[in-house]
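Chain by chain, the residues run as shown.
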Amino acid sequence: MSKRHTVTLHHVIAVYNDMFDDMDGMMQALAKKKTQWKEDLFFAVKLARQKLSKYCAEVTPTTGMLLISAHILHPFRKLRLFRIWDMGMDVNPEDEPSYTTQYQEAFL
């Protein structure tokens, strides 16, 4: 994203989410493998996921709100990703504890 000559801030939440999903999928696929290179790959992905989690934990309420606002302000993205998260957890996006409702209210 740093090679682009346009604004990419609105991509950050989706990219981080995709990275976590990909790493979780790889770890699940490699969890019971006994070949040495596959065990090594599992360990490397596990460490990468821990590093990514550390970076996400360092997001402050201010920077988090900036990322959420950039995401919501994008004409295509808006609240779509948050609705997908809610549906994935079997939560109604209109309910109070949903990501969609929380982020929309915080944004407003």
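Residues numbered from 1 in each chain as written. Predicted model: local features only at pLDDT ≥ 70, side-chain atom pairs only at ≥ 80, totals over all residues. Heavy atoms only, no water.

Asks: Can you tell me about the overall build of the protein, naming the residues and giving the values?
Replies: Across its full length, the protein holds 5 helices and 0 strands. In sequence order, the secondary structure elements of the protein are arranged as α-α-α-α-α. Computed over the C-alpha atoms, the radius of gyration of the protein is 17 Å, more than 25% above the 13 Å expected from 2.2 N^0.38 for a compact globule of 108 residues. Taken along the three principal axes of its C-alpha coordinates, the protein extends 50 × 40 × 25 Å. In the protein, which comprises 108 residues, the proportion classed as buried is 26%. (Helix = DSSP H or I, 4+ residues; strand = E, 2+ residues; numbered from the N terminus. Rg over C-alpha atoms; globule rule 2.2 N^0.38 Å. Buried < 20%, exposed > 50% of the residue type's maximum accessible area, 1.4 Å probe, protein only.)

Asks: I'd love a proper account of the packing of helix α4 (residues 80–88) against helix α5 (residues 99–107), names of residues and values included.
Replies: Close contact between α4 and α5 brings their axes to 8 Å; oriented N to C, the two are set at 150 degrees. On the basis of their axis angle, the class for α4 and α5 is roughly antiparallel. Contact with α4, carried on its side by F82, R83, W85 and D86, involves Y99, T100 and Y103 of α5 and no other residues of that element. (Axes fitted to C-alpha atoms, helices over the stretch in contact; angles between N-to-C directions. Parallel < 35°, antiparallel > 145°, perpendicular 65-115°, else oblique. Contact = heavy atoms within 4.5 Å.)

Asks: Got a sec to walk through the packing of helix α1 (residues 12–30) against helix α2 (residues 36–57)? Specific residues and values, please.
Replies: Packed helices, taken two at a time, are described by their axes: the angle between them and the distance between them. Between α1 and α2, the shortest axis-to-axis distance is 9 Å and the interhelical angle comes to 150 degrees. What the angle tells us is that α1 and α2 run roughly antiparallel. Judged by the twist between their axes, the crossing of α1 over α2 is left-handed. Residues Y16, M19, F20, M23, D24, M26, M27 and L30 of α1 touch α2, and the partners they reach there are K38, L41, F42, V45, K46, A48, R49, L52, S53, Y55 and C56. Grouping the constituent residues of the contact of α1 with α2 by class yields 14 nonpolar, 1 polar and 4 charged. (Left-handed = near helix turned anticlockwise from the far one by under 90°. Nonpolar A, V, L, I, M, F, W, Y, C, P; charged D, E, K, R; others polar.)

Asks: Outline helix α3 (residues 61–73), supporting the account with residue identities and numerical values.
Replies: Here α3 contains 13 residues, and its C-alpha end-to-end distance of 18 Å stays within 8% of the 18 Å for a straight helix at 1.5 Å per residue. Looking at α3, one finds that the buried residues are G64, L67, I68, S69, A70, H71 and I72. Structurally, α3 contributes buried residues whose contacts are with α1, α4 and α5. (Expected span 1.5 Å × (residues − 1).)

Asks: Describe the nonpolar core, with residues and values.
Replies: Listed in full, the 10 residues of the largest apolar core are V12, I13, A14, L67, I68, I72, L79, L81, F82 and Y103. Residue assignment for this core shows that the elements contributing at least two residues are α1, α3 and α4. Leave out the neighbours within four places in its chain, and I72 touches K78, L79, F82, Y103 and F107. M23, M27, V45 and L52 belong to the second-largest nonpolar core, a separate cluster that totals 5 residues. (Core = buried A, V, L, I, M, F, W, Y, C linked by side-chain atoms within 4.5 Å.)

Asks: Please give an account of the pattern of salt bridges that cites residues and values.
Replies: Applying the stated criterion across every chain, the model contains 1 salt bridge. Close ionic contact of R49 with D24 constitutes a salt bridge, the shortest N to O distance being 2.5 Å. Placement of the pair is R49 in helix α2 and D24 in helix α1, with a sequence separation of 25 residues. Note on R49: relative accessible area 25%, which makes it partly exposed. Judged by relative accessible area, D24 falls into the partly exposed class, the value being 31%. (Salt bridge = Lys/Arg side-chain N within 4 Å of Asp/Glu carboxyl O.)

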